[in-house]
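Take a look at the letters that make up each chain.
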Amino acid sequence: MNLNDNYRWATGKIKKKIKDSHSLISTLANSTAILKESFPGYFWVGFYFVKEDHLSLGPFQGPPACARIDLDKGVCADCAKEKKSIIVLNVHEYPGHVACDSRSNSEIVIPVFNRSGELMAVLDIDSEKYDDFSDIDQKHLEEIAELLKPVWD
Ligand code: SME
């Protein structure tokens, strides 16, 4: 399977979980599990909930991570402030990068909105490989974020 096929498989599984959604937390937790299972190369997959002045760790798969991230620095904070996806090919060159785990070398962060267009969370994926994310990942992950809109109702 290539990257697009993997994402199609993962998106189908996530779509089903959203359709049968029991709660916000279980659906987000299953979504991270599906992504982690579909892409064994992903080192960490998780959501941060957007709070007034910080980000708060939500459901994730992977090693323990920072529980709270202030909005003044880091890739997740910049994504939340700009409300746009960010791809970082080398996290060590990103000013203000928050290193929750030193093994992470590249990452992608996607904003997650509710149906009213409010930013509710960011989806963060980290890889041990450099240059591991491209616009193909961004396209598919933004599609998954779009599918997740109703889970905040
Ligand atoms: N690297 C992120 C922090 C989250 S962890 O990688 C799980 C950042 O710079 O915001």
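Preceding this paragraph is the structure being described.
Definitions and limits used
Residues numbered from 1 in each chain as written. Predicted model: local features only at pLDDT ≥ 70, side-chain atom pairs only at ≥ 80, totals over all residues. Heavy atoms only, no water. Helix = DSSP H or I, 4+ residues; strand = E, 2+ residues; numbered from the N terminus. Rg over C-alpha atoms; globule rule 2.2 N^0.38 Å. Buried < 20%, exposed > 50% of the residue type's maximum accessible area, 1.4 Å probe, protein only. Areas by Shrake-Rupley, 256 points an atom, 1.4 Å probe, with all protein chains shown as cover. Axes fitted to C-alpha atoms, helices over the stretch in contact; angles between N-to-C directions. Parallel < 35°, antiparallel > 145°, perpendicular 65-115°, else oblique. Contact = heavy atoms within 4.5 Å. Core = buried A, V, L, I, M, F, W, Y, C linked by side-chain atoms within 4.5 Å. Pairing = 2+ DSSP bridges. Near = heavy atom within 4 Å. Polar contact = N/O pair within 3.5 Å; in protein donor to acceptor, adjacent residues only side chain to side chain. Nonpolar A, V, L, I, M, F, W, Y, C, P; charged D, E, K, R; others polar. Salt bridge = Lys/Arg side-chain N within 4 Å of Asp/Glu carboxyl O.

**Let's talk about the overall build of the protein chain**
Of regular secondary structure, the protein chain possesses four helices and six strands. Compactness check: the protein chain gives a C-alpha radius of gyration of 14 Å against a globular reference of 15 Å for 153 residues, within 12% of the reference. Summarising its shape, the C-alpha atoms of the protein chain cover approximately 40 × 40 × 25 Å along the three principal directions. With 153 residues in all, the protein chain has 46% of them scored as buried. With an accessible surface of roughly 7700 Å², the protein chain has 49% of that area assigned to carbon and sulfur atoms.

**Some thoughts on the packing of helix 1 (residues 3–19) against helix 4 (residues 135–147)**
Two elements in contact, helix 1 and helix 4, have axes whose closest approach is 10 Å; the angle formed by their N-to-C orientations is 10°. Here helix 1 lies roughly parallel to helix 4, going by the angle between them. In this structure, helix 1 uses Leu 3, Asn 4, Tyr 7, Thr 11, Ile 14, Lys 15 and Ile 18 to contact helix 4, whose residues at the interface are Ile 136, Asp 137, His 140, Leu 141, Glu 143, Ile 144 and Leu 147.

**With respect to the nonpolar core**
Ranked by internal contacts, the top residues of the largest apolar core, which has 25 residues, are Leu 35, Val 112, Leu 123, Ile 125, Leu 141 and Leu 148. When residues of this core are traced back to their parent elements, those giving at least two are helix 1, helix 2 (24–38), strand 1 (42–50), strand 5 (106–113), strand 6 (119–127) and helix 4. What Leu 123 contacts, discounting residues up to four positions off in sequence, is Leu 35, Val 45, Gly 46, Phe 47, Ile 108, Val 109, Ile 110, Val 112 and Leu 141. Counting 19 residues, the second largest nonpolar core, distinct from the first, contains Ile 69, Leu 71, Ala 80 and Leu 119.

**A short note on the sheet that holds strand 1**
Strand pairing within a sheet occurs via backbone hydrogen bonds; the two strands may be parallel or antiparallel. Read across the sheet, six strands follow the order 3-2-1-6-5-4 without closing on themselves; strand pairing throughout is antiparallel. At either margin of the open sheet sits one strand with a lone partner, and together these are strand 3 (68–70) and strand 4 (86–88). Averaged over neighbouring strand pairs, the angle between their axes works out to 25° when direction is ignored. Sheet topology places strand 5 next to strand 6; eight bridges connect them, and they run antiparallel.

**A short note on the site of the ligand**
Residues in close proximity to the ligand total 13 residues, the closest being Val 75, Cys 76, Val 98, Glu 107 and Asp 126. Contact between the ligand and Cys 76: an oxygen atom at 2.9 Å from a main-chain N or O atom of the residue. In isolation the ligand exposes 310 Å². Once the protein is present, 98% of that is buried. Class assignment for the residues of the shell around the ligand results in eight nonpolar, two polar and three charged.

**Focus: the pattern of salt bridges**
Going through the model one piece at a time under the given rule, you end up with eight salt bridges. Among the salt bridges present, the one from Arg 68 reaches Asp 70, with a minimum N-O distance of 3.0 Å. Classification of Asp 70 by relative accessible area gives partly exposed; the value is 38%. Among the ionic pairs, Asp 101 bridges to Arg 103, the shortest N-O distance being 2.8 Å. Look at Asp 101 and you get buried, because its relative accessible area is 16%.

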